[in-house]
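Structure assessment
Letter by letter, the chains look like this.
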Amino acid sequence: MKITDWTLYAPDRNFHVFVELQTDSQIRGWGAAYSQKDQVLGALGWLKRFVLGESPLEIERVTEKLHQVSFWVGRGGAMTHAISAINLALWDAAGKMLGQPVNVLLGGKHRPAVPAYGSVLFHPIDTLAERIATMRERGFRAMKLGWDPFGKGSTADDEKLVAAARAAAGEGTTLMIDAGGSAPYWPLRCKDALERARMLADYGVYWFEEPLPPDDLEGYARLTDASPVKIAHGEVLTRRQSFLPYIERRAMDIVQPDASKVGGLSEMRRIAWMAEARGIEVVPHGWNTVLGVAADLHFTSTLTTRTFVEFNVGNPLVEELAETPLKLDAEGCLPVSDLPGLGIEIDPEKLRRLEQSGFAGPSWTWDERKEFEAS
Ligand SMILES: [Mg+2]
């Protein structure tokens, strides 16, 4: 069985590219990357020659070949994001060929469903309480609020945001705060972040995400050591080699690889295994598409420790593309599919319709946000 071609879809103006692998056995495999769209399309154009004619069953060899051949041509950035989409599509196609769900190919699941946390931005603030109430009504028992304006003013300003979020979410909801430290010109440094971490502890926040710029290894190590709440990050890092110093240095309590950026499921599991062996929790970053969330579900079900998957509430690429949408159970968990592959049937017509509609993207777009300029 060989890969004969692929079809690409770019449903929004800036960020997402979907890959639909075709094979000589009529089986198709789906993957997606969350990155800058034009760069990923360029990278895929270059990588295609190394994928055509390959067997989707030889996931690790084919993916490693893509990492090896891209050593000199942008590996670690959009090239690795593009490899992520291909890798996810290989896992999906392999599962469909073997008639097995991806969690079985990964070694077997420990649980049939995984808790999902509803994930939204603080903005727009005037609808925050209402959006939190909607998530509660939908059955989310855990929620994450993030990004602007958190970290842009004083700790007292941030406390008002968190107090409002906690009041709306109620005491029984697991609450996480995402500072959004991978935003350009991120202002918080280690002691600023520690001051906020102490404030977050008073509101029972479960983890504090990206409080520092992603490259600040020593800052993360010191903060993780001193913070009363768990420190989470890793969504913008790619490749196992980039995670290694953070894991070895214990510069995080929770590692957050993104299947649609990091190199796919193959890379995510290597990172997760390194982290688990050192007592670091694994919660995949899933602010991407339904394919990323499905991959996260399969993968997290195979971890020995119960963890979360992220669910970007209101994102049509997460909520509206699958023919059978992901649906929370009564415990606030998403069931892990027993269907072959990732278990998600994408309607290509929906992707094409989004493409043609000029869909701006699920939340905001960097080029439209003045606050990301240096001040
Ligand atoms: Mg984040």
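As the structure is a computational prediction, the values presented were derived from the model and not from experiment. (Residues numbered from 1 in each chain as written. Predicted model: local features only at pLDDT ≥ 70, side-chain atom pairs only at ≥ 80, totals over all residues.)

1. With respect to unusual backbone geometry
Rules: Secondary structure counts use DSSP, requiring at least four H or I residues in a row for a helix and at least two E residues in a row for a strand, with both numbered from the N terminus.
Following His123, the chain continues into Pro124 via a peptide bond in cis, with omega recorded as -10 degrees. Within the secondary structure, Pro124 is located in the loop between β4 (113–121) and α5 (128–138). At the junction of Asp148 and Pro149, the peptide bond is cis and its omega measures out at 10 degrees in the coordinates. Here Pro149 shows up in the loop between β5 (142–146) and α6 (155–169).

2. As for α6
The following threshold applies: Helices are assigned an expected span. That span is 1.5 Å times one less than the residue count. Contacts are defined on C-beta atoms placed from the backbone: any two residues whose C-beta positions lie within 7 Å are in contact.
Under the 1.5 Å per step criterion, the end-to-end length of α6 is 21 Å for 15 residues, consistent within 8% with the ideal 21 Å. Against the buried residues of α6 lie α5, β5, β6 (174–178) and α7 (190–202).

3. A word on the domain arrangement of the chain
To be explicit about the condition: A domain assignment, automatic or from a database, supplies the domain bounds used here.
Here the domain parsing of the chain yields domain 1 (3–100) and domain 2 (104–344). Computed from C-alpha coordinates alone, the two centres of domain 1 and domain 2 are separated by 25 Å. Across the contact, 28 residues belong to domain 1 and 23 residues belong to domain 2. If you list the elements that add at least two residues to the side of domain 1 that touches domain 2, you get β3 (28–34), α2 (59–69) and α3 (78–98).

4. Let's talk about the sheet that holds strand β1 (residues 3–9)
As a reminder of what qualifies: Note on pairing: DSSP must find at least two bridges between two strands before they are called paired. Axis definition: a line fitted to C-alpha atoms, over the contacting stretch in the case of helices. Angles run 0 to 180 degrees between N-to-C directions.
Pairing is antiparallel in the open sheet, where 3 strands are placed in the order β1-β2-β3. Each of the sheet's edge strands pairs with one partner strand only, and the pair in question is β1 and β3. Each neighbouring strand pair of the sheet contributes to a mean axis angle of 20 degrees, computed without reference to strand direction. Across 7 bridges, the pairing between strand β2 (residues 16–23) and β3 is antiparallel.

5. A closer look at the pairing of β5
Inclusion rule: Residues with at least 20 neighbouring C-beta atoms inside 10 Å of their own are called buried, those with 12 or fewer are called exposed, and the rest are partly exposed, where every C-beta is derived from the backbone. Orienting the strands away from the viewer, one traces the path from the first strand over the helix to the second; a clockwise path indicates a right-handed crossover.
Among the 5 residues of β5, 4 are classified as buried, and the element is accordingly described as predominantly covered. The pairing of β4 with β5 spans 5 bridges and is parallel. Residue Tyr117 lies in a different strand from β5, and its bridge partner there is Ala142. Each parallel crossover has a hand, and for β4 linked through α5 to β5 it is right-handed. One ladder, built from 5 bridges, connects β5 with β6; its direction is parallel.

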